[in-house]
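What follows is the residue order along each chain.
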Amino acid sequence: MKQYWQKMKDVGKALTDAQIEQMKESKAQIDAVYADLDKEFQRVKEAGMSADDVRKRGQMTIWDRIEYITDPGMFFPLHTLYNPANNEEGMTGVIDGLARISGKWCILIGFDNKVMAGAWIAGQSENILRVTDIAKNLHVPVVWLVNCSGAKLPEQERLYANRRGSGTCFFRHAELEQAGIPVLAGIYGTNPAGGGYQGISPTILLAHKDCNIAVGGGGIVSGMSPKGFFDEETAEELIKATRHFKESPPGSIGVHYDVTGFFRAVFETETGVLDGLKEYMAEMPAYNPRFFRVADPAEPKFPATDIASIVPYNQKAVYKFEEILARLSDNSEHMEFRPDYGPEIYSGLIKVDGFPVAVIANRQGFLGATYPEYTNAYMGVGGKLYRQGLIKMSEFVTMCSRDRVPIIWFQDTSGIDVGDIAEKAELLGLGQSLIYSIEQTGVPMMLVVLRKGSAAAHYVMGGPTANNHCAFALGTATTEIYVMHGETAAAASYARRLVKDKDAGKDLAPIIAKMNAMVKDYTDKSRPVFCAKTGFVDEVIRYEDIRNYMVAFTNAVYQNPRSICPQHHMILPRMIQSQVVKGQPRPPKE
């Protein structure tokens with residue numbers, strides 16, 4: 001297969017000084033968004049008590065533990081700003097991401113022991129389910145750093161029960177283990193009640209000497225008043241029991257190492273627990289990368305920092321996706337699939353760290369006077385999906401499924417073509433056909449929302465809402481996600497009212513004010529920080545970090561895949577190389 005992979009077609013050009021100057025104002029706007037995001041990230045990192053106070057107690061913070069256990073520079077955070085329940089804590093109480101430990105990729109998740117000693121808080125269970133979904137999708141281990149003080153009892157109704165409540169880690173860990181995905185846990189601190197869930201359901205438990213896990217803590221064990229109320233007598237009993245359990249909390253090392261054997265090993269130091277996890281991670285099942293690589297790894301020819309001078313901050317301005325691809329793919333090379341069909345969509349194969357990866361993206365700009373082919377009533381523009389593009393994507397993802405190639409989607413879409421003409425062209429059915437094709441693939445995917453993610457196109461272009469295989473979605477400084485643009489939504493909502501008031505001779509100013517307020521509301525609720533807090537994307541990252549996340553994703557996918565297509569059995573690269581572009585002569589016979 002060397003003829004297909006060793007040297008692919010070059011893509012992209014170096015930016016000129018004129019191009020950089022032209023994008024100067026746009027880049028300044030992008031830099032301002034990232035400055036605001038940096039403040040948000042720092043806010044989360046400093047949540048709760050100070051790191052110095054934790055260290056004075058002889059403990060490491062969650063960030064200290066993550067830095068110690070991961071290979072240098074190999075932690076790629078997710079859900080940092082995620083706060084779906086709008087907690088007063090400003091985050092979900094857990095820190096997670098894709099990580100490499102002892103050379104093996106995993107999902108790393110730990111309780112932030114600075115925030116209520118790692119308590120359950122609202123939104124946390126949803127975060128845990130999202131991140132363990134990633135482990136299930138990528139088929140990589142989960143590593144827990146458990147330090148959980150139990151539930152935030154005054155808000156128990158926000159976190160305890162329901163189908164996706166805090167106890168769901170029980171079934172999720174069992175589900176992962178039945179799929180052959182190990183769950184490792186390092187246990188720190190006092191972990192009563194809910195803290196015991198993560199402390200018993202993993203596969204391997206490694207404990208710090210001062211930790212404990214229990215069904216209930218001292219306060220719970222001693223607080224079951226048979227009278228149904230509290231008086232001075234029961235208060236005295238509670239004081240006595242609490243003092244006892246403070247001195248000897250239930251579920252200590254003496255119980256769960258010496259008696260039950262739940263703890264596989266006990267360590268004197270906090271770093272000892274992390275070293276123990278490193279040893280287990282080194283033994284996790286993984287193929288040597290050479291098993292799946294099709295070429296030696298290579299950096300792109302052009303720097304990823306260029307992307308901020310390529311993607312316009314103005315959502316209506318255009319750019320060439322191929323120039324972005326040139327800053328992300330190995331050696332700035334690619335193989336495009338069906339370039340003469342469905343021009344609104346780029347689809348093709350690239351190499352990432354030497355591994356084969358598929359890419360699907362929206363193109364921008366004017367698509368030609370005769371496109372789409374099913375009408376002459378209007379002309380096609382990039383960002384919108386038409387019949388050919390939907391068919392091409394269905395065909396491409398189906399072939400990726402056949403060849404077991406992971407897919408990375410790049411979204412910048414304003415929606416699917418609409419109206420009776422589009423309905424007669426079967427776009428409604430073709431959109432659902434694409435979702436069907438995506439669902440049958442069984443290959444892991446990731447999504448980057450470069451700019452717009454809107455209407456049903458957000459779903460069918462690899463969006464997590466309609467994609468069971470999307471491991472995670474990333475946003476950027478230019479990300480906007482909404483059902484439609486605010487101006488479009490305001491027009492759709494108030495057009496009839498404008499007509500009615502105009503015909504009645506009324507002042508239009510009040511309706512126009514409502515329309516502008518709606519536009520602002522849409523803007524406020526679609527920008528990067530909002531998308532990260534609500535979970536529309538799993539993380540907002542800098543353009544220059546996109547390649548790093550692609551490399552992490554790709555290495556995780558090929559670490560221990562559930563199924564394999566031998567390289568010499570792959571059809572997609574052969575299909576691409578055999579394409580004869582319209583108007584291009586065949587090579588002469590030898």
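Residues numbered from 1 in each chain as written. Predicted model: local features only at pLDDT ≥ 70, side-chain atom pairs only at ≥ 80, totals over all residues. Heavy atoms only, no water.

Caption draft 1: Representation of the overall build of the protein chain. The number of helices and strands found in the protein chain is 22 helices and 20 strands. Its C-alpha radius of gyration of 27 Å places the protein chain within 12% of the 25 Å reference for a compact globule of 590 residues. Counting only C-alpha atoms and orienting by the principal axes, one finds that the protein chain spans roughly 90 × 80 × 45 Å. Taking all 590 residues of the protein chain together, the buried fraction comes to 53%. At a minimum sequence separation of 6, the contacts of the protein chain that also span at least 24 residues come to 78%. Of the accessible surface of the protein chain, which amounts to about 26,700 Å², a share of 54% is contributed by carbon and sulfur atoms. One way to put it: in the protein chain the 64 positive side-chain charges average out to a point 5 Å from where the 69 negative ones average out. (Helix = DSSP H or I, 4+ residues; strand = E, 2+ residues; numbered from the N terminus. Rg over C-alpha atoms; globule rule 2.2 N^0.38 Å. Buried < 20%, exposed > 50% of the residue type's maximum accessible area, 1.4 Å probe, protein only. Contact = heavy atoms within 4.5 Å. Areas by Shrake-Rupley, 256 points an atom, 1.4 Å probe, with all protein chains shown as cover. Lys, Arg positive; Asp, Glu negative; His and termini not counted. Charge placed at Lys NZ, Arg CZ, Asp CG, Glu CD.)

Caption draft 2: Region of the structure containing the state of the cysteines. Tallying each qualifying case throughout the model produces zero disulfides. Note on Cys211: no disulfide assigned, nearest cysteine sulfur contributed by Cys148 at a separation of 13 Å. The structure places no disulfide on Cys531, whose sulfur is separated from the nearest cysteine sulfur, that of Cys470, by 14 Å. (Disulfide = S-S within 2.5 Å.)

Caption draft 3: Representation of the packing of helix H5 (residues 62–69) against helix H12 (residues 270–282) within the structure. H12 packs onto H5 with a crossing angle of 40° between their chain directions and a minimal axis gap of 10 Å. With respect to each other, H5 and H12 are oriented oblique. Between H5 and H12 lies a crossing whose hand is right-handed. Facing H5, whose interface residues are Arg65, Tyr68 and Ile69, H12 presents Glu270, Thr271, Leu274, Asp275, Leu277 and Lys278. Along the lines of polarity and charge, the residues of the contact of H5 with H12 split into four nonpolar, one polar and four charged. (Axes fitted to C-alpha atoms, helices over the stretch in contact; angles between N-to-C directions. Parallel < 35°, antiparallel > 145°, perpendicular 65-115°, else oblique. Left-handed = near helix turned anticlockwise from the far one by under 90°. Nonpolar A, V, L, I, M, F, W, Y, C, P; charged D, E, K, R; others polar.)

Caption draft 4: Quick look at the domain arrangement of the protein chain. Parsing the protein chain into structural domains produces domain 1 (47–215 + 250–282), domain 2 (289–479 + 527–566) and domain 3 (485–526). Every contact between the two is made by seven residues of domain 2 and, on the other side, five residues of domain 3. With both chains or domains summed, domain 2 and domain 3 bury close to 410 Å², and 56% of this area falls on carbon and sulfur atoms. Among the residues domain 2 hides against domain 3, the three largest losses belong to Lys316, Arg527 and Phe530. Together they make up 80% of the total. Inspection of the region where domain 2 meets domain 3 yields one residue pair in polar contact (both at pLDDT 80 or more). Per-class residue counts for the side of domain 2 that touches domain 3 are four nonpolar, one polar and two charged. (Domains from an automatic or database assignment. Buried area = accessible area lost by both parts, 1.4 Å probe. Polar contact = N/O pair within 3.5 Å; in protein donor to acceptor, adjacent residues only side chain to side chain.)

Caption draft 5: Region of the structure containing the packing of aromatic side chains. Applying the stated rule across the entire model yields 16 aromatic pairs. Summarising the aromatic geometry, the rings of Phe337 and Phe396 are spaced 5.1 Å apart at their centres and angled 40° between planes, so their arrangement reads as tilted. Placement of the pair is Phe337 in the loop between strand S11 (333–336) and strand S12 (345–352) and Phe396 in helix H14 (residues 387–403), with a sequence separation of 59 residues. Neither residue differs from the other here; Phe337 and Phe396 are each classed as buried. A cation over a ring is seen here: Arg130 above Tyr82, with NZ or CZ 4.8 Å from the ring centre. Over the ring of Tyr68 we find Lys278, and its NZ or CZ is 4.5 Å from the ring centre. (Phe/Tyr/Trp six-rings, centres within 6.5 Å; stacked < 30°, edge-to-face > 60°. Lys NZ or Arg CZ within 6 Å of the ring centre and 35° of its normal.)

Caption draft 6: Quick peek at a nonpolar patch on the surface. On the surface, Phe170, Ile200 and Phe262 cluster together to form a nonpolar patch covering roughly 250 Å² of accessible area. One can find Ile200 in helix H8 (residues 194–200). Its relative accessible area of 35% is what places Ile200 among the partly exposed residues. (Patch = residues over 30% accessible without salt bridge, like charges linked within 9 Å, V, L, I, M, F, W, Y side chains within 5 Å. Salt bridge = Lys/Arg side-chain N within 4 Å of Asp/Glu carboxyl O.)

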